[in-house]
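Remarks on the overall topology
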Amino acid sequence: MKLTAGRIIDAGMAVFAQTGYHGFSVRQVADRLNVHAGSLYYHVPSKAALLQLMADQVVRQAYDAGTAALAGLPARAGWPARITAQAVALRQSIRRHPGGAIMLAGSPKTLSPGALALMERLLDTLAEAGVPPEHCGTAADTVLSHVTGYVLQEQSEPPAVPVTAEDVATLHRSFPRTATAAAAHDPDEKFTRSLDLLCAGIATLIRPPSEHSRTAAGRLGEDA
């Protein structure tokens, strides 16, 4: 089968899912494709370039999914619904790739255009909602970090020692609130509820229009 950039990226994703950033190498990707490592460099000039292409593919798929989710919202949907639509689409997209959450977390370091576009749109949504410029970056980072962390937990390996019914009973006796909270909702509902909490926190940063007017008037008075 002809060696293409697409095949190399797919093989790279499979290797990355097993090794992560630190163990990843072009040679391992070549071995998976049953070719010499040197032949890969005709398509990707370096390990860093391959990682960038891989990250960009994952995040571009997430960006497109977010575009579709936003298009499906009612015309008058508020900013929390728009944030939620982007976050839910992002979670669903990166879950399809083993190691996708790790790839997303590292994508800004590789200057992935897809990751930057995803961040820019999230910042636009927050700015349009009225979040002050000095808080937009932190709010966007918080949303993306939450999605990444949530999927990292979902994609983590099961415990080496199986959890028995007796273990569960012991947990309920020793940590009743934690055990009850863990079993309260399924992962999808818990994720949606967590986004509601994030949006509620972000909403506290948005000043009412009247306060904007008073602030502007105060600045005019100072200038005078």
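Not measured: the values here are computed from a predicted model.

For the rest of this paragraph, the subject is the overall build of the protein. Each helix and strand counted, the protein has 12 helices and 0 strands in total. Listing the helices and strands of the protein from first to last along the sequence gives α-α-α-α-α-α-α-α-α-α-α-α. Within the protein, buried positions represent 33% of all 224 residues. By sequence separation, contacts in the protein at least 24 residues apart represent 72% of the contacts at least 6 residues apart. Here the protein has roughly 13300 Å² of accessible surface; of this, 58% comes from carbon and sulfur atoms.

Time to look at the environment of Ala127. Along the chain, Ala127 turns up in helix 7 (residues 113–129). Spatially, the C-alpha atoms of Ala127 and Ile206 are 9.8 Å apart, while their sequence positions differ by 79 residues.

For the pair helix 4 (residues 47–71) and helix 7, interaxial distance at closest approach is 7 Å and the crossing angle is 35°. Residue-level contacts link Gln52, Asp56, Val59, Arg60, Ala62, Tyr63, Gly66, Thr67 and Leu70 of helix 4 to Pro113, Gly114, Ala115, Ala117, Leu118 and Arg121 of helix 7. Of the residues assigned to the contact of helix 4 with helix 7, the class counts are 8 nonpolar, 4 polar and 3 charged.

Take the packing of helix 7 against helix 8 (residues 133–154) next. Packing of helix 7 against helix 8 leaves a shortest axis separation of 9 Å and a crossing angle of 125°. With respect to their mutual orientation, helix 7 and helix 8 come out oblique. The handedness of the crossing between helix 7 and helix 8 is right-handed. Touching Leu118, Met119, Leu122, Leu123, Leu126 and Ala127 of helix 7 are Cys136, Gly137, Ala139, Ala140, Asp141, Val143 and Leu144, all from helix 8. Here the contact of helix 7 with helix 8 is built from residues that sort into 11 nonpolar, 1 polar and 1 charged.

With a phi close to 60°, Asn34 is a non-glycine residue in the positive phi region. Checked against the element boundaries, Asn34 lands in the loop between helix 2 (26–33) and helix 3 (37–40). A relative accessible area of 71% places Asn34 in the exposed class.

In a soluble, globular protein the nonpolar side chains are often hidden away together inside. Val29 and Met54 are the most contacted members of the largest nonpolar core, which has 49 residues in total. Tallying contributions element by element places helix 8 first for this core, with 8 residues. When sequence neighbours within four positions are dropped, the list of residues in contact with Met54 reads Ile9, Gly12, Met13, Phe16, Phe24 and Met103.

A separate point is the packing of aromatic side chains. For the structure shown, the criterion picks out 2 aromatic pairs. When the centroid spacing of 6.2 Å and the interplanar angle of 65° are considered together, the rings of Phe16 and Phe24 count as edge-to-face. By the burial criterion, Phe16 is buried, and Phe24 matches it. The lysine or arginine in question, Arg121, covers the ring of Tyr63, its NZ or CZ lying 3.8 Å from the ring centre.

Calculation notes
- Residues numbered from 1 in each chain as written.
- Predicted model: local features only at pLDDT ≥ 70, side-chain atom pairs only at ≥ 80, totals over all residues.
- Heavy atoms only, no water.
- Helix = DSSP H or I, 4+ residues; strand = E, 2+ residues; numbered from the N terminus.
- Buried < 20%, exposed > 50% of the residue type's maximum accessible area, 1.4 Å probe, protein only.
- Contact = heavy atoms within 4.5 Å.
- Areas by Shrake-Rupley, 256 points an atom, 1.4 Å probe, with all protein chains shown as cover.
- Axes fitted to C-alpha atoms, helices over the stretch in contact; angles between N-to-C directions.
- Nonpolar A, V, L, I, M, F, W, Y, C, P; charged D, E, K, R; others polar.
- Parallel < 35°, antiparallel > 145°, perpendicular 65-115°, else oblique.
- Left-handed = near helix turned anticlockwise from the far one by under 90°.
- Core = buried A, V, L, I, M, F, W, Y, C linked by side-chain atoms within 4.5 Å.
- Phe/Tyr/Trp six-rings, centres within 6.5 Å; stacked < 30°, edge-to-face > 60°.
- Lys NZ or Arg CZ within 6 Å of the ring centre and 35° of its normal.

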